[in-house]
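Remarks on the overall topology
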Amino acid sequence: MANSKYEYVKSFEVEDEIFSPNLLVVRIHGRDFQRFSHDHGFEKPNDERALNLMNTCAVAVLEEYPDIVFSYGYSDEYSKILSLIVSFFTSVYVTKWKEFFPLKEFRYPPSFHSRVISCASIEVLQQYLAWRQNDCHVNNQYETCLWMLIKHGKSENEAQEILKGTQKQEKNELLFQQFGVNYKKLPEMFRQGSCVFKTEMEDIVKYNENGAPVKRLRRKARIVHSENIAGKSFWNAHSCLLKELGRFDEDVGKIKPDYVRSFVFENKLIPSTWIVIRIDGCHFHRFSEVHEFDKPNDEQALNLMNSCAVAVLEEFEEITFAYGVSDEYSEIVSVIVSFFTSMYVVKWKEFFPQKKLKYPPYFDGRAVCYPSSDIIRDYLAWRQVDCHINNQYNTCFWMLVKSGKSKSEAQGCLKGTQAREKNELLIQKFGIDYSKLPLMFRQGSSIFRAKMEKSAASENKSSVEKVRNKVLVSHCNIIEPSFWIAHPSILNEEPPL
């Protein structure tokens, strides 16, 4: 990191805990983006289209979330277990959409939010799973009745009134007597939800000289539907679950949802506990309506979610089990990171029409609290100083590599050099005036809302000026006070007299 007077802001980076009232910074960073940029052939040291793609995602975030007022970023960064998983889940969801809905176009990108539940013992984990699966059954039975009534002419209010106060047996009778539907014969995935966990399976690793397959045991994620995932007979029958998580000694009696909820901690991860990461579709009622999902269940939509859960388990070795129902797979950081990821995948072709996305990108995020507008400005100044130092170094480094130096030789040439020496190296060896390089490379990109006047016709056909907010992308100096004086609304400050 760059050494500057602004570096003190790093002392405010407190893991997982949010203090109020504060100005919040959500920092999104590309995970393993060095490999990603290499595999996708990004130009070094900067790829303009790649940066514009990142900027477009940041614009979309600001347009989607009115409470976010400013975004600044450079390279693969926009200024951690939770957001990584929700981001990867989102990325896979978008990437695999066409596999499950080949005739449906995305109307808008989906996003997910998540939270952490810390289970203090294997017994708490068992209670949690029992609670979630019971919730699956109760909700699905209700939804099945509701949508069958609606499909046969009832309004939603009428259907809700019919089902008000009904018990499980009454719902089963309603389905069978009025619609000939035996609830127990409905697909298991609808009634029981889907489990995803890793188990050892035979897999073909190669073929020998005679063409015969060579098989080995490998841990692979699989999707399972079971009537009682919290039952000891199911759990203890899978050696992988016993090995990774532990044994269920008894079956769950009465489910205690309040007891399970007592282990929900908003931000802090408790050491030596089982960690459950819960991902939930944001505004998925609307999303399912717009995309015309079958009601009460859409098999393809659920299989898509399951496929995402499989991919998450395959990507993250530490995750051993997933259980999901409806649009859920069991908050401010994860929602933003997820939406950012979604936009990144959706807009990929817009910026790289000739490049195929080789694998799903994803991002991590964190929340840092800064207690005053002065400190938030220092934070942003630190990021911009860092942008300049890193970009200047990378420009020199990649020019040396392109001219024939190895990476180690290029690093050796630059070791201990100052800014002036780097500028001289660029101009003398490569004829590059660093100050003439695109501002986006040197200063990063700032995305913020600005008030814009727009002419509109009134009732008497006269022109009326209307003020509206527009999200702008600017490559400017945010260290100097002049920027903040020109844009006081970003930090809700009154302009100085």
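Small disclaimer: the values here were computed from a predicted structure and weren't measured.

What follows covers the overall build of the protein. Within the protein one finds 20 helices and 12 strands. Here the protein, with 497 residues, has 47% of them falling under the buried criterion. Accessible surface, the protein: about 26600 Å² in total, of which carbon and sulfur atoms supply 49%.

Moving on, we come to helix 5 (residues 122-151). Between its terminal C-alpha atoms helix 5 stretches 43 Å, which fits the 44 Å expected from 30 residues at 1.5 Å a residue. Of all 30 residues in helix 5, 21 are buried, a share of seventy percent or more. Phi turns positive, to about 110 degrees, at Gly153, one or two residues after helix 5.

Okay, the packing of helix 16 (residues 373-402) against helix 17 (residues 407-414) next. The contact between helix 16 and helix 17 brings their axes to 9 Å, and the two run at 135 degrees. Considered as vectors, helix 16 and helix 17 are oriented oblique to each other. Crossing of helix 16 against helix 17: the hand is right-handed. Residue-level inspection shows Tyr393, Cys396, Phe397, Trp398, Leu400 and Val401 of helix 16 in contact with helix 17, the latter providing Lys407, Ala410, Gln411, Cys413 and Leu414. Across the contact of helix 16 with helix 17, the residue classes break down as 9 nonpolar, 1 polar and 1 charged.

Let's shift gears to the environment of Glu173. Within the fold, Glu173 resides in helix 7 (residues 168-179). Sequence separation between Glu173 and Tyr183 is 10 residues; the distance between their C-alpha atoms is 9.2 Å.

We now examine the environment of Phe363. Its place among the elements puts Phe363 in strand 10 (residues 363-370). It is 9.9 Å that separates the C-alpha atoms of Phe363 and Ser334, two residues lying 29 residues apart in sequence.

Taken together, Glu123, Asp249, Glu250 and Asp251 make up a surface patch of like negative charges. Here Asp251 shows up in the loop between helix 10 (239-244) and helix 11 (257-261).

A word on the nonpolar core. By size, the foremost hydrophobic cluster in this structure holds 20 residues, and its most contacted members are Leu125, Leu129, Cys195, Phe197, Phe234 and Trp235. The set of elements that each furnish at least two residues to this core consists of helix 5, strand 5 (194-207), helix 9 (232-235) and helix 10. Examining the composition of this core, we find that 7 residues originate from one element, helix 5, more than from any other. Phe483, Trp484, Ile490 and Leu491 belong to the second-largest nonpolar core, a separate cluster that totals 14 residues.

This paragraph deals with the pairing of strand 6 (residues 213-224). Working note: regular strand, side chains alternate between the two faces of the sheet. The pairing of strand 5 with strand 6 spans 12 bridges and is antiparallel. The residue bridging Lys198 from the neighbouring strand is Ala221, located in strand 6.

By the definition in use, this model includes 6 salt bridges. Between Asp135 and Arg132 there is a salt bridge, with the nearest N and O atoms lying 3.3 Å from each other. Separated by 3 residues within a single helix, Asp135 and Arg132 lie in helix 5, roughly one turn from each other. A relative accessible area of 25% places Asp135 in the partly exposed class. We note a salt bridge from Glu350 to Lys347, for which the minimum N-O separation is 3.5 Å. Overall, Lys347 belongs to the buried group, its relative accessible area being 18%.

The next thing to look at is helix 7. End to end, helix 7 covers 16 Å across 12 residues, agreeing with the expected 16 Å (1.5 Å per residue, within 8%). Within the span of helix 7, buried status applies to Lys171, Asn172, Leu174, Leu175 and Phe179. On an axial view of helix 7, the arc spanned by its buried residues comes to 160 degrees, and they lie on one face. Exposed and oriented more than 90 degrees from the buried face of helix 7 are Gln169, Phe176 and Gln177. Structurally, helix 7 contributes buried residues whose contacts are with helix 5 and helix 6 (156-163).

Cut-offs applied
- Residues numbered from 1 in each chain as written.
- Predicted model: local features only at pLDDT ≥ 70, side-chain atom pairs only at ≥ 80, totals over all residues.
- Heavy atoms only, no water.
- Helix = DSSP H or I, 4+ residues; strand = E, 2+ residues; numbered from the N terminus.
- Buried < 20%, exposed > 50% of the residue type's maximum accessible area, 1.4 Å probe, protein only.
- Areas by Shrake-Rupley, 256 points an atom, 1.4 Å probe, with all protein chains shown as cover.
- Expected span 1.5 Å × (residues − 1).
- Axes fitted to C-alpha atoms, helices over the stretch in contact; angles between N-to-C directions.
- Parallel < 35°, antiparallel > 145°, perpendicular 65-115°, else oblique.
- Left-handed = near helix turned anticlockwise from the far one by under 90°.
- Contact = heavy atoms within 4.5 Å.
- Nonpolar A, V, L, I, M, F, W, Y, C, P; charged D, E, K, R; others polar.
- Patch = residues over 30% accessible without salt bridge, like charges linked within 9 Å, V, L, I, M, F, W, Y side chains within 5 Å.
- Salt bridge = Lys/Arg side-chain N within 4 Å of Asp/Glu carboxyl O.
- Lys, Arg positive; Asp, Glu negative; His and termini not counted.
- Charge placed at Lys NZ, Arg CZ, Asp CG, Glu CD.
- Core = buried A, V, L, I, M, F, W, Y, C linked by side-chain atoms within 4.5 Å.
- Pairing = 2+ DSSP bridges.
- Arc of directions from axis to C-beta.

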